[in-house]
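Remarks on the overall topology
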Amino acid sequence: MKLLYNMLGLLILLVTQLGAQQSISNYVGFQVERVRANSLTLIGINSSSDRGGEQSRTISDLFGFYNDARLIPTADGTAKDADVVWVQVGDAWEQVFYNFYDLDFPPMTTGWRAVGKGNEDMSSLVVQRGFMIDSQQNIDWGLVIAGYVNPNPTVHTERRKWSIINRGTPVPISLNDSNVHQSIGLLKGDQNTADIIWLQNEGMWEGYYYATTKTFPPLSEGWKKIGGGDQDYGYNLITSSAFLLQARGNTPSDRILKILPPSNFGSIQKITIPGAPARAIINWDLQIGFGQNANRLYFLTSWSAMKGIHYTTQYYNEFGSWQTFASRDYVGVDGAETFTDYAVLGTGLYWGVGRVISEHINW
């Protein structure tokens, strides 16, 4: 009997080690934003251009140095008839627009400019967390932001009266699951005293707050909507990629906002497990198709394949779990081949996050 116990123990040990001998790559992803015609659209930046970097971009990163995104430019050197990008810098808001023609008066050359900044080049202005676009266009249009995605909680320290807070990932998440209400310094109460989270839903602004129990008017603890009485809104999705935080109170104080990633999103793997292969390092790119697909935008992922490794590409689905997209083995020379996957944007995909699992091939 002792021998049987020992054999079972050895078997369990082997299965545990074999099952754990896998590594998880970095995450990459994208978000497709709908900029609404003749209105103000709030957009969050939920990826970074560098692995482990800040969730920020420059103006030229977002829209192209030469206005590849085709925002309506100024006709007279002012922002009166132009699409304007509102960027929060400290306690102020920069109003950035594109000037297409060289102007004699006011003296202004072609490029990204800002209200009150004359001919100063604004292409390298860093946009932190998010921005707003005041669109003068008569039709809705799309904007894609892609990059490296952080699988860990997003933390911001904020003390301004109004501030843009990005969601942290391209994936929509409910107010309850975001865990924002557990943030240090967030004021709770009723709709007159609590901090307000302003979301955009189909172009409409909606205000939410975390209520504390109140007898009159009756109010139970939890997420409420301005004008929604005591109805529970905790399961409502943060549909917009960012929200505006309206901080209440007469004296500014720090809010340490912590937003959790979606359920089952983050990897619990903190270090390389002994015996596991090296994690794949995924790169990403956005490319326009050609031929019959010339009007399609592709989100591409790629990584260098290593000999003797089985790779499984996964994407995070709308039901909160990782789903296999592709599996393949590599038996060639290390680094001699690059594996790629892609998603076609503009086909109903409004967000996506992918990763790659690496395991030794069972020869």
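Analysis parameters
- Residues numbered from 1 in each chain as written.
- Predicted model: local features only at pLDDT ≥ 70, side-chain atom pairs only at ≥ 80, totals over all residues.
- Heavy atoms only, no water.
- Helix = DSSP H or I, 4+ residues; strand = E, 2+ residues; numbered from the N terminus.
- Phe/Tyr/Trp six-rings, centres within 6.5 Å; stacked < 30°, edge-to-face > 60°.
- Buried < 20%, exposed > 50% of the residue type's maximum accessible area, 1.4 Å probe, protein only.
- Lys NZ or Arg CZ within 6 Å of the ring centre and 35° of its normal.
- Pairing = 2+ DSSP bridges.
- Axes fitted to C-alpha atoms, helices over the stretch in contact; angles between N-to-C directions.
- Core = buried A, V, L, I, M, F, W, Y, C linked by side-chain atoms within 4.5 Å.
- Salt bridge = Lys/Arg side-chain N within 4 Å of Asp/Glu carboxyl O.

This paragraph deals with unusual backbone geometry. You will see that Asn38, though not glycine, has its phi angle at about 50 degrees, which is positive. Within the element layout of this structure, Asn38 appears in the loop between strand S2 (27-35) and strand S3 (40-44). At Arg70, a position not held by glycine, the phi torsion is positive, near 65 degrees. Following the sequence through the fold, Arg70 ends up in the loop between helix H2 (59-63) and strand S5 (84-89).

In this section: the packing of aromatic side chains. Between two aromatic rings, the relevant description is the distance of the centres plus the angle of the planes. Applying the stated criterion across every chain, the model contains 20 aromatic pairs. Here Tyr208 and Tyr233 contribute two aromatic rings whose centre-to-centre distance is 5.8 Å and whose plane-to-plane angle is 65 degrees, an arrangement assigned as edge-to-face. One end of the pair, Tyr208, is in strand S15 (residues 204-211); the other, Tyr233, is in the loop between strand S16 (222-225) and strand S17 (237-238), and 25 residues separate them in sequence. With relative accessibility at 12%, the residue Tyr233 sits in the buried group. Taken together, Tyr27, Phe265, Tyr316 and Trp322 form an aromatic cluster joined through their ring pairs. Across the ring face of Tyr148, the terminal group of Arg51 is positioned such that the distance to the ring centre comes to 6.0 Å. Over the ring of Phe339 we find Arg328, and its NZ or CZ is 5.1 Å from the ring centre.

Moving on, we come to the sheet that holds strand S6 (residues 92-99). Judged by pairing direction, the sheet is antiparallel, and its five strands sit side by side in the order S3-S9-S5-S6-S7 without closing on themselves. Lying at the two open borders of the sheet, with one neighbouring strand each, are S3 and strand S7 (111-114). The mean angle between the axes of side-by-side strands here comes to 30 degrees, regardless of whether they run parallel or antiparallel. As paired strands, S5 and strand S9 (residues 130-134) are joined by three bridges and run antiparallel to one another. Paired with Val85 across the two strands is Ile133, which belongs to S9.

A separate point is the nonpolar core. In globular proteins that are soluble, nonpolar side chains generally tend to be buried together. Ranked by internal contacts, the top residues of the largest apolar core, which has 21 residues, are Ile59, Phe63, Val85, Val96, Phe131 and Ile133. The set of elements that each furnish at least two residues to this core consists of H2, S5, S6, S7, S9 and strand S10 (141-149).

In total, this model carries 13 salt bridges according to the counting rule given. Across the pair Arg34 and Asp140 runs a salt bridge, and its minimum N-O distance is 2.7 Å. Of this pair, Arg34 sits in strand S2 while Asp140 sits in the loop between S9 and S10, placing them 106 residues apart in sequence. When the shortest N-O distance is used, the salt bridge between Arg159 and Asp254 registers 2.9 Å. One end of the pair, Arg159, is in the loop between strand S11 (154-158) and strand S12 (162-166); the other, Asp254, is in the loop between strand S18 (242-246) and strand S19 (255-259), and 95 residues separate them in sequence. Using a relative accessible area of 38% as the deciding quantity, one classes Asp254 as partly exposed. When salt bridges that share partners are traced, they join Arg34, Arg36, Asp140 and Glu202 into one network.

What follows is about the sheet that holds strand S20 (residues 283-288). Taken together, the three strands give an open sheet; going across it, the order is S20-S21-S24, and neighbouring strands pair in antiparallel fashion. Each end of this open sheet is capped by a strand with a single partner; those strands are S20 and strand S24 (338-345). Between one strand and the next, the sheet's axes are offset by a mean angle of 25 degrees, whatever the strand orientation. Here S20 runs beside strand S21 (residues 297-304); their pairing, made up of six bridges, is antiparallel. Across the sheet, the residue bridging to Ile288 is Leu297, located in S21.

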